[in-house]
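Structural features, examined
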Amino acid sequence: MKALVYGGPGSRSWTEIPDPVIRDPRDAVIRVDAVTICGTDLHILGGDVPAVEPGRVLGHEAVGTVVEVGSGVAGLAPGDRVLASCISACGICRYCRDGAYGQCLGGGGWILGHRVDGVQAELARIPFADLSTYKLPDQVSDEAAVLLADILPTSYEVGVLNGGVRPGDTVAIVGAGPIGLAAVLTARLYSPAHVIVIDKAESRLQAAKLFGADITVLAGTEDPLAAVRSVTGGLGADVVIEAVGTPQTFELCATLVRAGGHLANVGVHGKPVTLHLEDLWIRNVTITTGLVDTYSTPKLLDMLVAGQLDLGHMVTHRFGIGDFMQAYDVFADPARTGALKVVLSR
Ligand code: NAD
Ligand code: ZN
């Protein structure tokens, strides 16, 4: 089969490698039908994730058809159409029993395209297949379902649910990439009074409006704090979601949150941030952060089937499954291409 193989920092190739095989009774092998690229793949290609070794097949967001299951897989059979979750879960360790799949002690966690070969390939081995895949109803398209592998559960769990968004809240979201936009969409499920999105790219702010933001702020030109205060009687936002991952944007979030409010960090930070506890403690600000667990995926699928998640604006570019080299070029340069998510399908 062919796969997108990491060759070390800055190097990737779409190349022939041996087909994946069942290695553990809990494995399944899927034919990849739709697959996408994540900002995290760019971090890996940039050399920011040293644990990923050259030779690794990248990718952790796919929809596919089961072609083979191990003897220990109970709930799947060849021919089943499944979503492969970005987080694998053994299901029996202390953390998995708590729904904290991202912290799985049994060999799972964030492993696809990281510690084991991923899904940017014609075929993929899915470890712990019973717990790491979701059977898809016919009415859900591959293109919509693949967005539930990572970006939707991430924004929903780590941003909206950790942040505790409630009806009438003012929610400020810093960063309007696919993660920030999915946070707009899932925050909207809770009838907030305002969703304010701050980004430094005008094109991303236009996208935020399509997803339901009512106020947008161009960072570097307009004043985010003034915008948030103008609709909150000067108090600040009830919930602030950080969806960039820089010290500067984290510190901005800490200024935007009201006393008694919640700062939910989603961005992956490569550098330490300054935590102004001298300000935050006396203002009773709650801060949460975390890796996605994907415990919300079944409910997100239900919402998708029920027509409550309009993902129509998220996929901006479509390619054939063999066009990974070009798809990466488009995804990695959103200022030029306007790309949000790019999907490669059979
Ligand atoms: P992205 O790069 O597509 O989007 C980031 C956005 O931030 C861009 O629109 C950019 O214009 C904007 N931005 C950059 N600097 C800014 C600044 N100073 N002020 C305002 N806006 C600024 O990324 P994404 O795919 O949407 O992911 C967002 C973050 O979420 C990343 O850090 C990613 O690694 C992280 N992430 C976290 C998890 C998790 O489990 N916690 C999972 C997936 C992704
Ligand atoms: Zn586990």
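Note: the structure precedes this text.
I will try to describe carefully the structure that is included in this document.

Conventions and cut-offs
- Residues numbered from 1 in each chain as written.
- Chains lettered and ligands numbered in written order.
- Predicted model: local features only at pLDDT ≥ 70, side-chain atom pairs only at ≥ 80, totals over all residues.
- Heavy atoms only, no water.
- Helix = DSSP H or I, 4+ residues; strand = E, 2+ residues; numbered from the N terminus.
- Rg over C-alpha atoms; globule rule 2.2 N^0.38 Å.
- Buried < 20%, exposed > 50% of the residue type's maximum accessible area, 1.4 Å probe, protein only.
- Contact = heavy atoms within 4.5 Å.
- Areas by Shrake-Rupley, 256 points an atom, 1.4 Å probe, with all protein chains shown as cover.
- Lys, Arg positive; Asp, Glu negative; His and termini not counted.
- Charge placed at Lys NZ, Arg CZ, Asp CG, Glu CD.
- Core = buried A, V, L, I, M, F, W, Y, C linked by side-chain atoms within 4.5 Å.
- Axes fitted to C-alpha atoms, helices over the stretch in contact; angles between N-to-C directions.
- Parallel < 35°, antiparallel > 145°, perpendicular 65-115°, else oblique.
- Left-handed = near helix turned anticlockwise from the far one by under 90°.
- Near = heavy atom within 4 Å.
- Polar contact = N/O pair within 3.5 Å; in protein donor to acceptor, adjacent residues only side chain to side chain.
- Nonpolar A, V, L, I, M, F, W, Y, C, P; charged D, E, K, R; others polar.
- Donors = N, O, S within 2.8 Å, 3.2 Å for Na, K, Ca; no water.
- Tetrahedral: all angles 85-135°; square planar, octahedral: opposite > 155°, others 65-115°.

**What to know about the overall build of the chain**
A tally of helices and strands in the chain yields twelve helices and 15 strands. In terms of overall dimensions, the chain is globule-like: its C-alpha atoms have a radius of gyration of 20 Å, near the 20 Å expected for 346 residues. Dimensions of the chain, computed from C-alpha atoms along their principal axes, come out at roughly 60 × 45 × 40 Å. Taking all 346 residues of the chain together, 54% fall into the buried category. In the chain, 69% of the contacts between residues at least 6 apart in sequence involve partners at least 24 apart. Of the accessible surface of the chain, which amounts to about 14300 Å², a share of 53% is contributed by carbon and sulfur atoms. Seen as two clouds, the 26 positive and the 37 negative side-chain charges of the chain have centres 2 Å apart.

**With respect to the nonpolar core**
If you look at the biggest cluster of nonpolar residues, it comprises 89 residues, and the most contacted ones within it are Leu152, Val197 and Ile241. Top element by residues in this core is helix 5 (residues 178–187). It accounts for six residues. Setting aside anything within four residues of it in sequence, one finds isoleucine 241 in contact with Gly159, Val160, Val171, Ala172, Ile173, Val174, Ala183, Cys253, Ala264 and Val266.

**Quick look at the packing of helix 5 against helix 6 (residues 202–211)**
When two helices pack together, their arrangement is captured by the angle between the axes and the distance separating the axes. Their axes nearest at 9 Å, the elements helix 5 and helix 6 cross at an angle of 25°. Between helix 5 and helix 6, the crossing angle belongs to the class labelled roughly parallel. Seen from above, helix 5 lies across helix 6 with right-handed handedness. Counted together, Pro178, Leu181, Val184 and Leu185 of helix 5 and Arg204, Ala207, Ala208 and Phe211 of helix 6 form the full contact between these two elements.

**Digging into the site of ligand 1**
Contacts to ligand 1 come from 22 residues, most closely from Asp199, Arg204, Val244, Gly290 and Val292. Within the side chain of glutamine 248, an N or O atom sits 3.5 Å from a nitrogen atom of ligand 1. In the environment of ligand 1, an oxygen atom lies 3.0 Å from a nitrogen or oxygen atom belonging to the backbone of valine 268. Here ligand 1 loses 84% of its free accessible area of 860 Å² to cover by the protein chains. Only helix 5 and helix 8 (247–256) provide two or more residues apiece to the shell around ligand 1. Here the residues of the shell around ligand 1 are counted per class, giving ten nonpolar, eight polar and four charged.

**Some points on the coordination of the zinc ion (ligand 2)**
Protein-derived ligands of the zinc ion (ligand 2) are Cys90 (SG), Cys93 (SG), Cys96 (SG) and Cys104 (SG), with the metal-ligand distances lying across 2.3 to 2.5 Å. Here the zinc ion (ligand 2) binds four donor atoms, and the angle range of 100 to 121° at the metal identifies the geometry as tetrahedral. Donor residues for the zinc ion (ligand 2), ordered by position in the chain, follow C-x2-C-x2-C-x7-C. With relative accessibility at 11%, the residue cysteine 93 sits in the buried group.

Read these as spatial facts, not as claims about activity.
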